[in-house]
Amino acid sequence: MGKLDLTSIVEKSQAESGLIFDSEGHMLDSYKVSNENNVSAMIGVIVTMSNELLQDTMETKIGDDTNAISLASKSGFIIIEKISKDQFICLITKDLSNANFMKLTLRKIVSA
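**Student:** Which parts of the structure should I look at to understand the sheet that holds strand β3 (residues 68-73)?
**Tutor:** Two pairing modes exist for strands in a sheet, parallel and antiparallel, and in both the strands are linked by backbone hydrogen bonds. Spatially, the 5 strands line up as an open sheet ordered β2-β1-β5-β4-β3, and their pairing is antiparallel. Taken across any chain shown, the strands that pair with only one partner, and hence form the sheet edges, are β2 (27-31) and β3. Strand after strand, the sheet turns through a mean of 10° between neighbouring axes, direction not considered. Examined bridge by bridge, strand β1 (residues 17-22) and β2 share 4 bridges and lie antiparallel to one another. Counted as the bridge partner of Leu19 is Ser30 from β2. Across the sheet, helix α3 (residues 99-111) touches β3, β4 (76-84) and β5 (87-93), and the angle it forms with β4 is around 5°.

Right, dumping it as structure tokens:
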């Protein structure tokens, strides 16, 4: 997979903002995200903790197999998707009706 055009992905997915970050939580690219370095660091922690949660609950050493995480609230939706061994993309919207379209768009990108 080549370099992703984050702006195009955000627009195609009907998200409002997004970012690409590495497995350490370092921001690589962002589009309309306030405090993008802090956000990417927090999302990096969420990915790490999700991996550990899966390991503990599945009682196995599955490594870093978390491929997608969705967070939903009354005020919005966030989806985090693994796009390569060491990179993730995160799309954010305040409009919950866009959630499924965002998921579908990311699935197409990841499976390409």
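**Student:** Please explain the environment of Ser30 as it appears in this structure.
**Tutor:** Checked against the element boundaries, Ser30 lands in strand β2. Its relative accessible area of 25% is what places Ser30 among the partly exposed residues. With sequence-adjacent residues up to four places away left out, Ser30 is seen in contact with Leu6, Gly18, Leu19 and Glu36.

**Student:** Sorry if this is basic, but what is going on with unusual backbone geometry here?
**Tutor:** With the exception of glycine, the majority of residues adopt a negative phi angle, and the majority of peptide bonds are in the trans configuration. The backbone phi angle of Gln14 is positive, close to 65°, even though this residue is not glycine. Tracing the chain through its elements places Gln14 in the loop between α1 (6-13) and β1. Here Asn35, not a glycine, exhibits a phi torsion of approximately 50°, which is positive. Relative to the elements of secondary structure, Asn35 occurs in the loop between β2 and α2 (36-58).

**Student:** It is not clear to me how the nonpolar core should be interpreted in this structure. Could you clarify?
**Tutor:** Side chains that are nonpolar tend, in soluble globular proteins, to be buried together. Residues Ile9, Ile89, Leu91 and Leu106 are the most contacted members of the largest nonpolar core, which totals 16 residues. Looking at this core, the elements that each hand over two or more residues are α1, β4, β5 and α3. Top contributing element to this core by residue count: α3, with 4 residues. Look past the residues within four positions of Leu91 in its chain and what remains in contact with it is Ile9, Val10, Ser13, Ala15, Ser17, Gly18, Phe77, Ile78, Ile79, Met102 and Leu106. Among the nonpolar cores identified, the runner-up in size contains 11 residues, and Leu19, Val33, Val39 and Ile43 belong to it.

Rules used throughout
- Residues numbered from 1 in each chain as written.
- Predicted model: local features only at pLDDT ≥ 70, side-chain atom pairs only at ≥ 80, totals over all residues.
- Heavy atoms only, no water.
- Pairing = 2+ DSSP bridges.
- Helix = DSSP H or I, 4+ residues; strand = E, 2+ residues; numbered from the N terminus.
- Axes fitted to C-alpha atoms, helices over the stretch in contact; angles between N-to-C directions.
- Contact = heavy atoms within 4.5 Å.
- Buried < 20%, exposed > 50% of the residue type's maximum accessible area, 1.4 Å probe, protein only.
- Core = buried A, V, L, I, M, F, W, Y, C linked by side-chain atoms within 4.5 Å.

Fair warning: the whole summary comes from geometry, so function is off the table for now.
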